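Spelled out, the chains give:
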Amino acid sequence: MAGIGGTLGGMNRRLALVRRPGDRLAEGLVTHIDRSPVDLDLAMRQWEGYVEAFRQEGWTVVEVPPADDHPDSVFVEDPVFVYGDLAVLTRSGAPERRGETDGLDDVLTAHGYRVARITEPATLDGGDVLKFDGTVWVGQGGRTNIEGLEQLRELLAPFDVDVVGVPLESVLHLKSAVTALPDGTIIGYPPLVDAPITWGEEFLPVPEESGSHVVLLGEDSVLMAASAPETAEVFRERGLRVVTVDISEFEKLEGCVTCLSVRLRG
């Protein structure tokens, strides 16, 4: 998010880390929704549209090596979390996903990151970590345990940030429930926000579930799913420029716009 390791406006380059979906995408894990058929050809077109949206907004796309044996590997946000010049390779609470970190360390090192790893017995998914302006919230649910929170807190200690645990029950990941707008306002779909007291006056309820997920593209622009048109209008009324993408096939696998990329400092 903006405000960490250099704001979006202070970057020399804007880099988006992505991973191409594999042929086994339809086998991806689902936990809080019923499984629906996934159209692989449509998913690939949607992924390409997602990547193109970044390019159209002036971002350089960095494609990491594929991990075709791992159906969920397109959700590249989960195996890595970045803060400043540190990249943390996670250890997923889903054992099936732990191999998704393979090949990431070389890419991250090549872009100037120090690489650390979450180790047993800790579990941590990147989708459980929301960061903004010196605060890092860590979802505590099915994929991330207390040991994962504590290991991340220790790794981030040199940055002097506040690491806050957030209990989860209704969603897979913290960022399935809440993300932040460029001004720091936390947004979420109320039925899926388990701990609204955590966000206080900074919380903005949105009218659609998929509207709670945004990727910051710039100081006044966001990327979000086309499946939340009412929420998009709310954001426009707040003065934001909204870029929408269709990710319906990924939403069938509990994916959202944040899951499909990791933004790197320039």
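All figures in this text were calculated on a predicted structure; none of them were measured in a lab.

## Focus on the environment of Leu 89
Summarising the element assignment, Leu 89 is placed in strand S4 (residues 86-89). When its relative accessible area of 0% is taken as the criterion, Leu 89 is described as buried. Taking the C-alpha atoms as reference points, Leu 89 and Val 171, separated by 82 residues in sequence, lie 22 Å from one another. Leaving out residues up to four positions away in the same chain, Leu 89 has contacts with Pro 79, Val 80, Thr 101, Leu 104, Asp 105, Leu 108, Val 115, Ala 116, Arg 117 and Ile 118.

## Here's the deal with the UniProt feature "active site" (unreviewed entry) in the protein chain
Look at the UniProt record and you will see "active site" (unreviewed entry) annotated at His 173 and Cys 259. On the basis of their most widely separated C-alpha atoms, the annotated residues across 87 residues gather in one place, lying no more than 9.9 Å apart. Filtering the just-named annotated residues for those lining the second largest cavity gives His 173 and Cys 259. Along the chain, His 173 falls in the loop between strand S8 (162-167) and strand S9 (178-180).

## Focus on the pairing of strand S12 (residues 215-218)
As judged from the three bridges shared by S12 and strand S13 (residues 221-225), these two strands associate in the antiparallel manner. Paired with Leu 216 across the bridge in S13 is Val 222. Adjacent in sequence and paired antiparallel, S12 and S13 are bridged by two residues.

## Concerning the sheet that holds S8
In space, the three strands of this open sheet follow the order S6-S7-S8, with mixed pairing throughout. With one partner strand each, in any of the chains shown, strand S6 (129-132) and S8 form the two edges of the open sheet. Strand-to-strand, the axes of this sheet are offset by a mean angle of 20°, without reference to chain direction. Direction of pairing for strand S7 (residues 135-140) relative to S8: parallel, over a ladder of six bridges. By the bridge assignment, Trp 137 is partnered in S8 with Val 164. Contacts from helix H3 (residues 146-156) reach S6, S7 and S8 within the one sheet, and its direction differs from that of S7 by about 165°.

## Some remarks on helix H1 (residues 40-56)
Taking 1.5 Å per residue as the helical rise, H1 with its 17 residues ought to reach 24 Å, and the 24 Å between its terminal C-alpha atoms agrees with that figure. Every buried residue of H1 is accounted for by Ala 43, Gln 46, Trp 47, Tyr 50, Val 51, Ala 53 and Phe 54. One face of H1 carries all of its buried residues, which in axial projection span an arc of 150°. Across H1 from its buried face, at more than 90 degrees, point the exposed residues Asp 41, Arg 45 and Gln 56.

## Topic: the pairing of strand S1 (residues 15-18)
The two faces of a sheet get side chains in turn, since along a regular strand they alternate between them. Neither face of S1 is open: one carries Leu 15 and Leu 17, the other Ala 16 and Val 18, and all of them are buried. The pairing of S1 with strand S2 (residues 60-63) spans four bridges and is classified as parallel. The residue bridging Val 18 from the neighbouring strand is Glu 63, located in S2. Bridging between S1 and strand S15 (residues 262-264) involves three bridges; their strand directions are antiparallel. For Leu 17, the partnering residue across the bridge sits in S15 and is Val 262.

## Digging into the sheet that holds S12
Strands sit in the order S12-S13-S14 across an open sheet of three strands; the sheet is mixed. Both edges of this open sheet fall to S12 and strand S14 (241-245), since each of them pairs with a single strand only. Shown here is a sheet whose adjacent strand axes are inclined to one another by a mean of 30°, direction ignored. Strand direction decides the pairing type here: S13 and S14, joined by five bridges, are parallel. By the bridge assignment for S14, Val 222 is matched with Val 242. Across the sheet, H1 touches S12, S13 and S14, and the angle it forms with S14 is around 155°. Sitting on the sheet, helix H4 (residues 229-237) touches S13 and S14, and the angle it makes with S13 is about 170°.

Rules of the game
- Residues numbered from 1 in each chain as written.
- Predicted model: local features only at pLDDT ≥ 70, side-chain atom pairs only at ≥ 80, totals over all residues.
- Heavy atoms only, no water.
- Helix = DSSP H or I, 4+ residues; strand = E, 2+ residues; numbered from the N terminus.
- Buried < 20%, exposed > 50% of the residue type's maximum accessible area, 1.4 Å probe, protein only.
- Contact = heavy atoms within 4.5 Å.
- UniProt positions renumbered as here; feature names shortened; annotations may be inferred.
- 1 Å grid on protein atoms, 1.4 Å probe; cavity = no way out; pocket = protein on both sides within 12 Å on 5 of 7 lines; lining within 4 Å.
- Pairing = 2+ DSSP bridges.
- Axes fitted to C-alpha atoms, helices over the stretch in contact; angles between N-to-C directions.
- Expected span 1.5 Å × (residues − 1).
- Arc of directions from axis to C-beta.

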